[in-house]
Amino acid sequence: MAFDRSIKIAPSILAADFANFGAECAAVEAQGADWVHVDVMDGHFVPNITFGPATCAAIRPHIKGVMDVHLMIAPVDPYIEAFAQSGADVITAHLEAGPHIHRTLQAIRGAGAKAGLALNPGTGLGDVAHLLDMVDLVCVMTVNPGFGGQKFIDLSAKIRDLRAMIGDRPIHIEIDGGVTPTTAPLVAAAGADVLVAGSAVFKGGSVSDPAPYGANIAAIRAAAEAAQS
Ligand code: DX5
Ligand code: ZN
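Criteria and cut-off values
Residues numbered from 1 in each chain as written. Chains lettered and ligands numbered in written order. Predicted model: local features only at pLDDT ≥ 70, side-chain atom pairs only at ≥ 80, totals over all residues. Heavy atoms only, no water. Helix = DSSP H or I, 4+ residues; strand = E, 2+ residues; numbered from the N terminus. Contact = heavy atoms within 4.5 Å. Donors = N, O, S within 2.8 Å, 3.2 Å for Na, K, Ca; no water. Tetrahedral: all angles 85-135°; square planar, octahedral: opposite > 155°, others 65-115°. Pairing = 2+ DSSP bridges. Axes fitted to C-alpha atoms, helices over the stretch in contact; angles between N-to-C directions. Buried < 20%, exposed > 50% of the residue type's maximum accessible area, 1.4 Å probe, protein only. Near = heavy atom within 4 Å. Polar contact = N/O pair within 3.5 Å; in protein donor to acceptor, adjacent residues only side chain to side chain. Areas by Shrake-Rupley, 256 points an atom, 1.4 Å probe, with all protein chains shown as cover. Nonpolar A, V, L, I, M, F, W, Y, C, P; charged D, E, K, R; others polar.

Chemist: Tell me about the environment of M72, and name the residues and values.
Modeler: Looking at the secondary structure, you find M72 in strand β3 (residues 66–72). Distance from M72 to L155, taken between C-alpha atoms, is 20 Å for residues 83 residues apart in sequence. For M72, the residues in contact, after removing those within four places along its chain, are D39, V40, M41, D42, F45, V46, H94, P145 and G146.

Dropping the structure here:
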């Protein structure tokens, strides 16, 4: 996983056919996805339940590129090893998920994965400054986590401040929630390089008719690249 700041589109399989994850992952990759984003929810940290490390391990062979696992669970630490073993390239934990985020990030890197730090929309950047040397990615949530298809929250000022804090460090800025061809330029202009999109990628397509996935990914990418700062 070489670092660069080019725009990367990461479809969230939260919006895919849950009975057909393997084929859905392969379809979005064939249609131009750079990463595959996997949303793990526990019904405790967020008010929704999805799946766990066994599902991640099952879909791993169907993903050629980066498997980007977003943990919306608390506690996190007891499950890091299992998600690393499932083949996650990036494991992202929430700053709000527990009292010991420093330990959590250490454990993710210790398990051999890239470490991501996610921030809810209401969380400020104050604590992030102390964690920058421990992270490979900061995920700025532009919806409150738990569900796909929510309305985008414009946090451009926060993204710009984060971009300035990061400076030359090899840290991705990922945006998660409500990304569409209309909102992508806002976040790309502010400094984001990884754009998660669920509804906006999967709408109109299916594994038997995947061309709309390609058109949707291309539209988000084109809008973001034209605006990237
Ligand atoms: C929200 C998830 C997101 C979500 C994005 O809790 O982390 O990844 O699936 O979905 P859309 O793109 O539909 O907002
Ligand atoms: Zn996510």
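Still more ground to cover, so stick around.
Chemist: I'd like a description of the coordination of the zinc ion (ligand 2), backed by residues and values.
Modeler: The protein atoms that coordinate the zinc ion (ligand 2) are H37 (NE2), D39 (OD), H70 (ND1) and D176 (OD), at distances spanning 2.0 to 2.3 Å. The site at the zinc ion (ligand 2) holds six donor atoms, and with the angles between them running 68 to 170°, its shape is octahedral. Look at where the donors of the zinc ion (ligand 2) fall in the sequence and you get H-x1-D-x30-H-x105-D. With H37 in strand β2 (residues 35–41) and H70 in strand β3, the pair connects residues that are 33 residues apart, well separated along the chain.

Chemist: Give me the lowdown on the sheet that holds strand β4 (residues 90–94), citing residues and values where you can.
Modeler: Spatially, β1-β8-β7-β6-β5-β4-β3-β2 is the arrangement adopted by the eight strands of the open sheet, whose pairing is parallel. Single-partner strands in this sheet number two, and they are β1 (8–11) and β2. Across this sheet, the average inter-strand angle for adjacent strands is 25°, counted without regard to direction. Relative to the sheet, helix α4 (residues 101–110) contacts β4 and β5 (114–119), its axis offset from that of β5 by approximately 150°.

Chemist: Would you mind going over helix α1 (residues 21–30) in detail, with residue names and values included?
Modeler: Burial of α1 is extensive: seven of the 10 residues sit out of reach of the surface. Every buried residue belonging to α1 is among F21, G22, E24, C25, A27, V28 and E29, and all of these are buried. Check the buried side of α1 and you find it contacts β1, β2, α2 (53–59), α7 (199–202) and α8 (211–227).

Chemist: I'd like to hear about the site of ligand 1, residue by residue, with values.
Modeler: Every one of the 20 residues lining ligand 1 counts as a neighbour, but D39, G146, D176, G198 and S199 are closest to it. Between an oxygen atom of ligand 1 and a side-chain N or O atom of D176, the distance comes to 2.6 Å. Out of a free accessible area of 380 Å², ligand 1 has 98% covered by protein chains. Going through the elements one at a time, β2, β3 and β8 (194–197) are the ones with two or more residues in the shell around ligand 1. Counting residues per element, the shell around ligand 1 draws most heavily on β2, which supplies three residues. Per-class residue counts for the shell around ligand 1 are eight nonpolar, 10 polar and two charged.

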